Amino acid sequence: VFLLAFSRAGLLFLSFIDWFLAGRAIPPVSRITNTARKISAGSHPQPLPIEDTRNVLSRLGETFNSMLSRLEDSFRKIRQFSADASHELRTPLTILRGETEVALRWAKTPEEFRHMLASNMEEIDRMSRIIENLLTLAKSDAGEMSLELKEFSLSDLLQELYLQAKTLGESKQITASLQLSVQEEIHLRGDELRLRQVFLNLISNAIKYSPEGGTVELALALDDGEAVVTIADTGIGIPAEHL
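This is a predicted model, so every value here is computed, not measured.

For this particular structure, what's the right way to read the overall build of the protein chain?
Check the secondary structure of the protein chain and you find 5 helices and 5 strands. Helices and strands appear in the protein chain in the N-to-C order α-α-α-β-α-β-β-α-β-β. For the protein chain, the proportion of its 243 residues judged to be buried stands at 28%. The contacts in the protein chain between residues at least 6 apart in sequence include a share of 71% that link residues at least 24 apart. About 16,700 Å² of surface is accessible on the protein chain, with carbon and sulfur atoms providing 60% of the total.

Here is the structure:
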């Protein structure tokens, strides 16, 4: 009788422990399940609160929060890649469209068409390199891009950018000008494609935020042995607090 009573008491005690542990385990697991269901590319699920106790559930919560952080970083990189691709490709596509429209409207001889097609091919090549570099950047864990350094003429680059600025500004009757305050051609060692991207972004923004009939000026000067490139416009400007 004693053993039977002891066994029943033990079963009741074990049942109570099981119920108690289940009651403590179910809410955290439910929170993990509910949070997991909310995960999507556009959502920002909050990390789970972790108790100080070092048990299986707390370790599960920490692992889940770590996974959330990695997912959020992946989603951020995807959004950044989409924004970068849209921004970087908009300018060469606009140049392609502008040059093609000029050719269709004014070109008369085979030589003129050949010259315009050659210019279009240059923009297509640049877009291909931009896409390759964006893909490389997206795959880079460190978020760094290796530079292709080589000798090139900064003066020639600005001449090309000036011609492209004229094309980009035609739709808004914006006048582009180039001022070279140097006595000789400027050569330097750098990544020409990256510098072209930087300058084209500045030029396209200058045209975008300038009123119709405005001006965009490109200038190159030397200051104590350093080349200084200036891109100025008649646009709305940037408030001082945002500079």
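Past the structure itself, the notes keep going.
I would appreciate a short explanation of the nonpolar core in the present structure.
Generally speaking, nonpolar side chains in soluble globular proteins are found buried as a group. Grouped together as the largest cluster of nonpolar side chains are 21 residues, with contacts concentrated most on Leu154, Leu161, Ile203 and Leu218. Of all the elements in the fold, those that place two or more residues in this core are helix H4 (154–169), helix H5 (192–208) and strand S4 (215–223). With 7 residues, the top contributor of residues to this core is H4. Apart from the residues lying within four places of it in its own chain, the contact partners of leucine 218 are Leu158, Leu161, Tyr162, Ala165, Ser177, Leu178, Gln179, Ile203, Thr230 and Ile231.

I keep staring at the sheet that holds S4 and nothing clicks. Help me out?
Within a sheet, adjacent strands bond to each other through the backbone by hydrogen bonds, running parallel or antiparallel. The 3 strands lie next to each other as S2-S4-S5, forming an open sheet whose pairing is mixed. Two strands in the sheet have a free side with no partner beyond their single neighbour: strand S2 (175–181) and strand S5 (226–233). The average undirected angle you get between the axes of adjacent strands in this sheet is 15 degrees. The sheet strands contacting H5 are S4 and S5, and the helix crosses S5 at an angle near 20 degrees.

Even after reading the chapter, I still don't get H4, so can you show me in this structure?
Count 3.6 residues to each turn of an α-helix, and residues three or four apart come out pointing the same way. Between its first and last C-alpha, H4 extends 22 Å over 16 residues, near the 22 Å set by a 1.5 Å rise per residue. For H4, the set of buried residues is Leu154, Ser155, Leu157, Leu158, Leu161, Tyr162, Gln164, Ala165, Thr167, Leu168 and Gly169.

Where do I start with unusual backbone geometry in this structure?
Glycine aside, the phi torsion of most residues is negative, and most peptide linkages are trans. Its identity is not glycine, yet glutamine 173 carries a phi of approximately 55 degrees, on the positive side. The phi dihedral of aspartate 224 falls on the positive side, at around 55 degrees, and the residue is not glycine. When you line up the elements, aspartate 224 lands in the loop between S4 and S5.

Honestly, the environment of threonine 215 in this entry has me stumped. Any pointers?
Of note, threonine 215 is situated in strand S4. Judged by its relative accessible area of 37%, threonine 215 falls in the partly exposed class. Sequence separation between threonine 215 and glycine 169 is 46 residues; the distance between their C-alpha atoms is 8.8 Å. Once residues within four sequence positions are removed from consideration, threonine 215 is found in contact with Ile174, Thr175, Ser210, Ala232, Asp233 and Thr234.

Scoring rules and cut-offs
Each chain carries its own residue numbering, running from 1 in the direction its sequence is written. Only residues with pLDDT of 70 or above have their local features reported here, since the model is predicted, and side-chain atom pairs are shown and tallied only from 80 upward, although totals for entire chains, interfaces and linings are computed over all residues. Note that the side-chain values use all heavy atoms of the structure and ignore hydrogens as well as water. Helix and strand assignments come from DSSP, with helices taken as H or I runs of at least 4 residues and strands as E runs of at least 2, each series counted from the N terminus. Only protein chains enter the accessibility calculation, which uses a 1.4 Å probe; a residue whose area is less than 20% of its type maximum is buried, one above 50% is exposed, and one in between is partly exposed. By the convention used here, residues are in contact when the closest approach between their heavy atoms is within 4.5 Å. Residue-level accessible areas treat just the shown protein chains as cover; the underlying method is Shrake-Rupley with a 1.4 Å probe. Residues belong to one nonpolar core when they are buried, are Ala, Val, Leu, Ile, Met, Phe, Trp, Tyr or Cys, and are joined through side-chain atoms within 4.5 Å. Here, any two strands with at least 2 DSSP bridges between them count as paired. Throughout, an axis means a line fitted to C-alpha atoms (over the contacting stretch in the case of helices), and angles, computed between N-to-C directions, take values from 0 to 180 degrees. Residue count minus one, scaled by 1.5 Å, sets the expected span of a helix.

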